[in-house]
Amino acid sequence: MSVIENMQRWLNSPRVSEEDKKTIRSMDEETRNDAFYKNVEFGTAGMRGILGPGTNRINYQTIGRANVAYAKYILSLSPEAKKRGIVISHDNRFFSREFTLFCAKQFNDMGIDAYIFDGLRPTPELSFAVRQSHAIGGVMITASHNPKEHNGYKVYDETGCQLTPDKIKPMFAILDAMGDELSYELPEAKEKGKTIVFGPEMDNIYCEKVEGCQLNPQLDKKDFKVIYTPQHGASYECAMKVFQDCGYEIIPVKEQCVHDPAFGATKSPNPEVASSWELALEYAKKYQANLVVMTDPDGDRCGLAYLSSKGTYERLTGNQSGALLIDYLLSERKKKGILPEDSVMYDTIVTSSLGRDICAHYGVKVESFLTGFKFIGSRIAHYEEVGHGPEFAFGYEESYGCLIKPFVRDKDGVQAILMYTEMALYYHRLGKTLDVAFDELQKRFAYHVTEMKDAYFEGMEGAGKMKAMMDHLHASLFKEIAGIPVVQTGDYLRRVMIYADGKEEPINLPPSDVMKYILKDGSTLCVRPSGTEPKVKFYIEAVGKEEKGLREKVEAIDAFIRKEAGL
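Colleague: Please explain the overall build of the chain as it appears in this structure.
Modeller: For the chain, the count of helices and strands is 18 helices and 24 strands. At 24 Å, the chain has a C-alpha radius of gyration in line with the 24 Å of a compact globule built from 567 residues. Projecting the C-alpha coordinates of the chain onto the three principal axes gives extents of approximately 65 × 55 × 50 Å. Expressed as a percentage of the 567 residues in the chain, the buried residues total 59%. For the chain, contacts bridging at least 24 residues in sequence account for 69% of all contacts bridging at least 6. Here the chain holds 71 positive side-chain charges and 82 negative ones, and the gap between their average locations is 1 Å.

Dropping the structure here:
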């Protein structure tokens, strides 16, 4: 349908409120086109979009249609689905609570029990609660680190893992067979389901499990100050309980501990953005803190900053912090005799190779997946189901997401900030700041400079331009990039790895619109459209025995690919 046809459907529908119709009539042409040119889509982390009326927006109509399709999918899995129920949680965003109660009512009307919390809870606790309550699935209402104008909807299986492409495919088939967002029918059951509110027991069990991640709980915590901010989000209560139970001196950024949907005390809720750190770093300087940790609004990702050897506060990227934590966890487990001989670390194809090099040193296997933590959670479940295979050692993505223990099957920012804090304290007691510890790590395994660049493609025209750019890259085989020979080209849409001599071998991963180039000197470039925002991401890594010249190499690779992509 055209933009005008979609808009008229909404203006003529009795399912659309007069208030929403008034909003539609007041839209300028650009806003109207963006709101109605397509249906809001499921990406790498569920369905996300701008709040408001329209087919390409998050609203009761688009959420409701997806929710009914998910419920139908769940009912097809087991005759016990209705009583096992579905867990729903949400973050601090506009309409998050309202959407949660709306989804619970839809489930109840279809005869399915719904479990909810008395308020917002972080994504990892949703994953945990699905497993702990033996529910048949889960829903998280969140747009993660996206701007305040956004919200979203994520779906989980009975293992507490987001639905992978093979599992969500039947749900998409159900969606396709349903009416559109204004005409779908909700099949009502004769016997309605119930909505059950979790008590504090779920929080307590989750927090106790997180506290069990510690390796050196006996470390002296005196005079070690940590600043913590939840970015107005859902992990505040759990994180503070965990920190206090473990004896850390935590100073919360009080302005950002309010569950404000407008994110009024931060310039960005995204830990990857420098401006999100401004207030927390002011606190750090005021209190002369050793460490600053941040979770994003739904509590599945975290970042950290630290007091450096130069007396300045510096930030670590997700690649850097993840590599440091891998080395700390594996070395301490080995020292204590609790590192299994057959263990595995999971990462993604866009994550730095430094973590893989560290794992090789400790004899830990590595499996790399497409972007999206659901692939890591699914692999954990696979080995659990078959009853044999390597033991989970760690899982992480470059975008500040990691998992220390698999009682959760998604990224867990609460686990992460606890263990990053323990790691920083451990090095502090050795007289080392994190920049010194990371430099020593790179001297052992080579220097890795990584950077994620991006290019935005807003609106209806932008989507076409982004597709044309990716089509061009899939059709182009570069022999060299920035003067460095290309030795392997991974076309993940065709699922084939192409070598410099023309030989090809299959890639055993689901198809994905991604191109990855591996260069002769160990540097890499990976290009992929974002699954949550209208942009293409360029993941660049330069590797060398010394740090000198690596940042310039990153910039040269970026300049090359932008020119080739016509940017």
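Colleague: I would appreciate a short explanation of the packing of helix 9 (residues 200–211) against helix 15 (residues 413–429) in the present structure.
Modeller: When two helices pack together, their arrangement is given by the angle between their axes and by how far apart the axes lie. Running from N to C, helix 9 and helix 15 point in directions that differ by 35°, and their axes come no closer than 9 Å. The two elements helix 9 and helix 15 cross, and the hand of that crossing is right-handed. Within the contact between the two elements, helix 9 uses Tyr206, Val210 and Glu211 and helix 15 uses Val414, Gln415 and Leu418. The residue inventory of the contact of helix 9 with helix 15, partitioned by class, reads four nonpolar, one polar and one charged.

Colleague: What exactly am I supposed to notice about the environment of threonine 195 here?
Modeller: With respect to the helices and strands, threonine 195 occurs in strand 7 (residues 195–197). On the basis of relative accessible area, threonine 195 is assigned to the partly exposed category, the value being 37%. Each C-alpha atom of the pair threonine 195 and isoleucine 86 lies 9.6 Å from the other, and the pair is 109 residues apart in sequence. Sequence-distant contacts of threonine 195, defined by excluding residues within four places in its chain, comprise Ala104, Asn108, Ala114 and Ile116.

Colleague: Before we go on, may I ask you to explain a nonpolar patch on the surface in this structure?
Modeller: A surface patch of nonpolar side chains, amounting to about 270 Å² of accessible area, comprises Tyr60, Phe94 and Phe95. Along the chain, phenylalanine 94 falls in the loop between strand 3 (86–90) and helix 6 (96–109).

Colleague: Please explain unusual backbone geometry as it appears in this structure.
Modeller: Peptide bonds are trans in most cases, and residues, glycine excluded, mostly fall at negative phi. In this model, histidine 134 sits at a positive phi of 55°, which is unusual for a non-glycine residue. Structurally, the position occupied by histidine 134 is in the loop between helix 7 (123–132) and strand 5 (137–141). On the accessibility criterion, histidine 134 (58% relative accessible area) is exposed. The phi angle at glutamine 231 is positive, at roughly 55°, despite the residue not being glycine. Along the chain, glutamine 231 falls in the loop between strand 8 (225–229) and helix 10 (236–245). Take glutamine 231: its relative accessible area is 0%, and that puts it in the buried class.

Colleague: Got a minute to help me understand the state of the cysteines in this structure?
Modeller: Here is the idea: a disulfide is a covalent bond, and it sits between the sulfur atoms of two cysteines. Counted by the stated rule, this structure contains zero disulfides. The thiol sulfur of cysteine 103 is not disulfide-bonded, and the nearest other cysteine sulfur, from cysteine 161, lies at 20 Å. Free cysteine: cysteine 257, not disulfide-bonded; nearest cysteine sulfur from cysteine 238 at 13 Å.

Colleague: Where do I start with the sheet that holds strand 13 (residues 343–348) in this structure?
Modeller: What holds strands together in a sheet is hydrogen bonding between their backbones, with the strands either parallel or antiparallel. Across the sheet, which stays open at both edges, the four strands sit in the order 14-13-15-16 with mixed pairing between neighbours. A strand with exactly one partner marks an edge of an open sheet, and here the two such strands are strand 14 (365–369) and strand 16 (401–403). Sheet twist, expressed as the average angle between the axes of neighbouring strands with direction ignored, equals 15°. Pairing geometry for strand 13 and strand 14, over five bridges, is parallel. Counted as the bridge partner of methionine 345 is valine 366 from strand 14. Of the strands in this sheet, strand 13, strand 15 (391–397) and strand 16 are in contact with helix 12 (residues 318–336), which crosses strand 15 at around 165°.

Colleague: Quick question: what am I supposed to make of the packing of aromatic side chains here?
Modeller: The geometry of an aromatic ring pair is captured by two quantities: the separation of the ring centres and the angle between the planes. All told, the structure shown has 23 aromatic pairs when counted by the stated rule. Judged by centre distance (5.8 Å) and plane angle (50°), the rings of phenylalanine 128 and tyrosine 206 are tilted. Residue phenylalanine 128 is found in helix 7, and its partner tyrosine 206 is found in helix 9; the two are separated by 78 residues along the sequence. One aromatic cluster in this structure is built from Tyr60, Phe95, Phe99 and Phe102.

Colleague: I would appreciate a short explanation of empty space enclosed by the protein in the present structure.
Modeller: Empty space among the atoms becomes apparent when a probe as large as a water molecule is rolled across them. All told, the structure shown has two cavities of 30 Å³ or more when counted by the stated rule. Taken together, Asn319, Gln320, Ala323, Ser352, Leu354, Phe438, His448 and Thr450 make up the lining of the second largest cavity. Here the residues of the lining of the second largest cavity are counted per class, giving three nonpolar, five polar and no charged.

Colleague: What should I look at first to understand the nonpolar core in this one?
Modeller: One broad trend across soluble globular proteins is that nonpolar side chains are buried collectively. Grouped together as the largest cluster of nonpolar side chains are 92 residues, with contacts concentrated most on Leu325 and Leu434. At eleven residues, the largest contribution of residues to this core is made by helix 15. With sequence-adjacent residues up to four places away left out, leucine 434 is seen in contact with Leu291, Leu304, Tyr306, Leu316, Leu324, Met423, Ala424 and Tyr427.

Colleague: Even after reading the chapter, I still don't get the pairing of strand 23 (residues 524–529), so can you show me in this structure?
Modeller: Consecutive side chains of a regular strand alternate in pointing toward one face of the sheet and then the other. Burial analysis of strand 23 places six of its six residues in the buried class, which makes it a mostly covered element. Of the two faces of strand 23, both are covered, the one formed by Thr524, Cys526 and Arg528 as well as the one formed by Leu525, Val527 and Pro529. Where strand 22 (residues 515–519) meets strand 23, four bridges bridge the pair, whose relative direction is antiparallel. Bridging across to strand 23, tyrosine 517 finds its partner in leucine 525. Pairing analysis gives six bridges linking strand 23 to strand 24 (residues 535–544), with the strands arranged antiparallel.

Colleague: Can you help me understand helix 3 (residues 29–36) in this one?
Modeller: All of the buried residues along helix 3 are Asn33, Asp34, Ala35 and Phe36. On the buried face of helix 3, the contacting elements are helix 1 (3–12), helix 2 (18–25), strand 2 (46–50) and helix 17 (459–475). Between the side-chain oxygen at the start of helix 3 and the backbone nitrogen of glutamate 30 there is a gap of 3.3 Å, and the oxygen is on aspartate 28.

Colleague: Would you take a moment to explain the sheet that holds strand 6 (residues 150–156) for this structure?
Modeller: One open sheet accounts for seven strands, arranged 1-2-6-5-3-4-7; its pairing is mixed. The open sheet has two free edges, formed respectively by strand 1 (42–43) and strand 7, since each of these has just one partner strand. Where strand 4 (residues 114–116) lies against strand 7, three bridges are found, and the strand directions are parallel. The residue bridging tyrosine 115 from the neighbouring strand is isoleucine 196, located in strand 7.

Colleague: What should I look at first to understand the packing of helix 9 against helix 10 in this one?
Modeller: Running from N to C, helix 9 and helix 10 point in directions that differ by 50°, and their axes come no closer than 10 Å. Comparing their axes, helix 10 and helix 9 come out oblique. Considering how the two elements wind past one another, helix 9 and helix 10 form a crossing that is right-handed. Every residue of helix 10 that contacts helix 9 at Asn204, Tyr206, Cys207, Val210 and Glu211 is listed here: Cys238, Lys241, Val242 and Asp245. For the contact of helix 9 with helix 10, the residue count by class is five nonpolar, one polar and three charged.

Conventions and cut-offs
Residues numbered from 1 in each chain as written. Predicted model: local features only at pLDDT ≥ 70, side-chain atom pairs only at ≥ 80, totals over all residues. Heavy atoms only, no water. Helix = DSSP H or I, 4+ residues; strand = E, 2+ residues; numbered from the N terminus. Rg over C-alpha atoms; globule rule 2.2 N^0.38 Å. Buried < 20%, exposed > 50% of the residue type's maximum accessible area, 1.4 Å probe, protein only. Contact = heavy atoms within 4.5 Å. Lys, Arg positive; Asp, Glu negative; His and termini not counted. Charge placed at Lys NZ, Arg CZ, Asp CG, Glu CD. Axes fitted to C-alpha atoms, helices over the stretch in contact; angles between N-to-C directions. Left-handed = near helix turned anticlockwise from the far one by under 90°. Nonpolar A, V, L, I, M, F, W, Y, C, P; charged D, E, K, R; others polar. Patch = residues over 30% accessible without salt bridge, like charges linked within 9 Å, V, L, I, M, F, W, Y side chains within 5 Å. Areas by Shrake-Rupley, 256 points an atom, 1.4 Å probe, with all protein chains shown as cover. Salt bridge = Lys/Arg side-chain N within 4 Å of Asp/Glu carboxyl O. Disulfide = S-S within 2.5 Å. Pairing = 2+ DSSP bridges. Phe/Tyr/Trp six-rings, centres within 6.5 Å; stacked < 30°, edge-to-face > 60°. 1 Å grid on protein atoms, 1.4 Å probe; cavity = no way out; pocket = protein on both sides within 12 Å on 5 of 7 lines; lining within 4 Å. Points joined across faces, edges and corners; volume = space filled by probe spheres on them. Core = buried A, V, L, I, M, F, W, Y, C linked by side-chain atoms within 4.5 Å. Polar contact = N/O pair within 3.5 Å; in protein donor to acceptor, adjacent residues only side chain to side chain. Parallel < 35°, antiparallel > 145°, perpendicular 65-115°, else oblique.

On their own, these measurements won't tell you what the molecule is for.
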